[in-house]
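Per-entry structural report
Single-letter residue listing:
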Amino acid sequence: MSKPGIWWLSAACLVGALAAEADVTSTQLTERNTGPVRVEPDTIVLADNDAPARVVRATLRVLLYDATVGLTADGGAPTTWRGTLLRYDLHASEPAGEHTWTVWSREPLGYFQLVTDPVTRRHSYLAWMSGMTLSFTPVTLARSELIGLEDAVRERRPAEVVQAALAGMSLPDSIYGTFTSALHTPVLVTGIHRREPGGWQVTLGGQPGSPEAVTLVSSDGSTWQRE
């Protein structure tokens, strides 16, 4: 467990790091707790252009903060948000460099999984559950640890995160894993594939192509149905 610390970031410091999040004017984060998070499997696939794909071991940890965030409200008026934020960091290391992907949230997330594209075998995704909602994001390009902070404060979905509401889909019991949680449904994700243009194919339960597998498809990442 790391020692408690405080981040204080002025508007000038945030200009480059936040880029699209220009509505954040200042951020103070007081770290309360940190620790490892179970993620299965514990490897990701990285591939640069036409170079051979490589498998890299990854770890996930959560950091809990007391946060004070200065924001620009509608109309340009300043406002301040105070509350608890959770930061989930996926970290991978290889001789070529360090790789970190960050997800911020106001609520605990759970049942994290690392999923490889079963078609290309060159891309990996970090998937997690929030209740009966499945979320996933590509882990191909490193992101600043501050990207997504404003989305969490304003309770909106980051543009790079895809979500599928599974409630009401009448999915079979075969899609559920053995993980037990009072907050999150343990849906086992075995494949995520990006379809062109803008569509997605997600496999649940068994391995892609197996009789036990359930396939969900979406043309735009918002409306989902069983294939």
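Residues numbered from 1 in each chain as written. Predicted model: local features only at pLDDT ≥ 70, side-chain atom pairs only at ≥ 80, totals over all residues. Heavy atoms only, no water.

1. Let's talk about the packing of aromatic side chains
- Scanning the entire structure with this criterion turns up 7 aromatic pairs.
- Relative to Phe112, the ring of Tyr88 lies with its centre 5.0 Å away and its plane at 40°, an arrangement referred to as tilted. Remark: Phe112 occurs in strand E8 (residues 110–116) and Tyr88 occurs in strand E6 (residues 78–94); sequence separation between them is 24 residues. For the pair shown, Tyr88 and Phe112 are each scored as buried.
- Relative to Trp200, the ring of Phe136 has its centre 5.1 Å away and its plane inclined at 70°; by these criteria the two rings are edge-to-face. With a gap of 64 residues between them, Phe136 in strand E10 (residues 133–138) and Trp200 in strand E13 (residues 199–205) connect regions that are remote in the sequence.
- Residue Phe136 is classed as buried on the basis of its relative accessible area, which comes to 0%.
- The structure contains a cluster of three or more aromatic residues connected by ring pairs, namely Tyr125, Phe136, Trp200 and Trp224. (Phe/Tyr/Trp six-rings, centres within 6.5 Å; stacked < 30°, edge-to-face > 60°. Helix = DSSP H or I, 4+ residues; strand = E, 2+ residues; numbered from the N terminus. Buried < 20%, exposed > 50% of the residue type's maximum accessible area, 1.4 Å probe, protein only.)

2. Looking at the environment of Thr185
- On the secondary structure map, Thr185 appears in the loop between strand E11 (162–165) and strand E12 (189–195).
- Taking relative accessible area as the criterion, Thr185 reaches 18% and is therefore assigned buried.
- Residues Thr185 and Met132, spaced 53 residues apart in sequence, show a C-alpha to C-alpha distance of 5.7 Å.
- Contact partners of Thr185, with chain neighbours within four places excluded, come to Tyr111, Met129, Gly131, Met132 and Tyr176. (Contact = heavy atoms within 4.5 Å.)

3. Some details on the environment of Glu196
- Along the chain, Glu196 turns up in the loop between E12 and E13.
- On the basis of relative accessible area, Glu196 is assigned to the exposed category, the value being 69%.
- Each C-alpha atom, one on Glu196 and one on Asp220, is 9.8 Å from the other, the two residues being 24 residues apart in sequence.

4. Considering the sheet that holds E10
- Strand order in the open sheet formed by 5 strands is E3-E8-E9-E10-E11, and the pairing between neighbours is mixed. The strands lining the two open edges of the sheet, one partner per strand, are strand E3 (39–40) and E11.
- The sheet contact formed by E10 and E11 spans 4 bridges and is antiparallel. Across the sheet, residue Ser135 finds its bridge partner in E11, namely Gln163. (Pairing = 2+ DSSP bridges.)

5. Here's the deal with the side chain of Thr116
- By the element assignment, Thr116 lies in strand E8.
- Not counting chain neighbours up to four residues away, the residues in contact with Thr116 comprise Val45, Arg121, His123, Ser124, Gly191 and Ile192.

6. What to know about the sheet that holds strand E14 (residues 213–218)
- The strand order E12-E13-E14-E15 describes an open sheet built from 4 strands, whose pairing is antiparallel. Looking at strand neighbours, the two that pair on one side only are E12 and strand E15 (225–226), the edges of this open sheet.
- Where E14 lies against E15, 2 bridges are found, and the strand directions are antiparallel. Residue pairing in the sheet places Val217 in a bridge with Gln225 of E15.

7. Regarding the side chain of His184
- Tracing the backbone shows His184 in the loop between E11 and E12.
- Within the local environment of His184, its side chain forms a polar contact with the backbone oxygen of Pro108, the two atoms lying 3.3 Å apart.
- Within the structure, His184 has its side chain in polar contact with the backbone nitrogen of Gly110 (distance 3.5 Å). (Polar contact = N/O pair within 3.5 Å; in protein donor to acceptor, adjacent residues only side chain to side chain.)

8. Comments concerning the confidence of the model for the chain
- Of the residues in the chain, 87% reach a pLDDT of 70 or more, and the chain-wide mean stands at 83.
- Low pLDDT (under 50) marks residues 1–22, which in the prediction has 46 contacts with non-local residues, meaning those over four places away or in another chain. (pLDDT = per-residue confidence, 0-100.)

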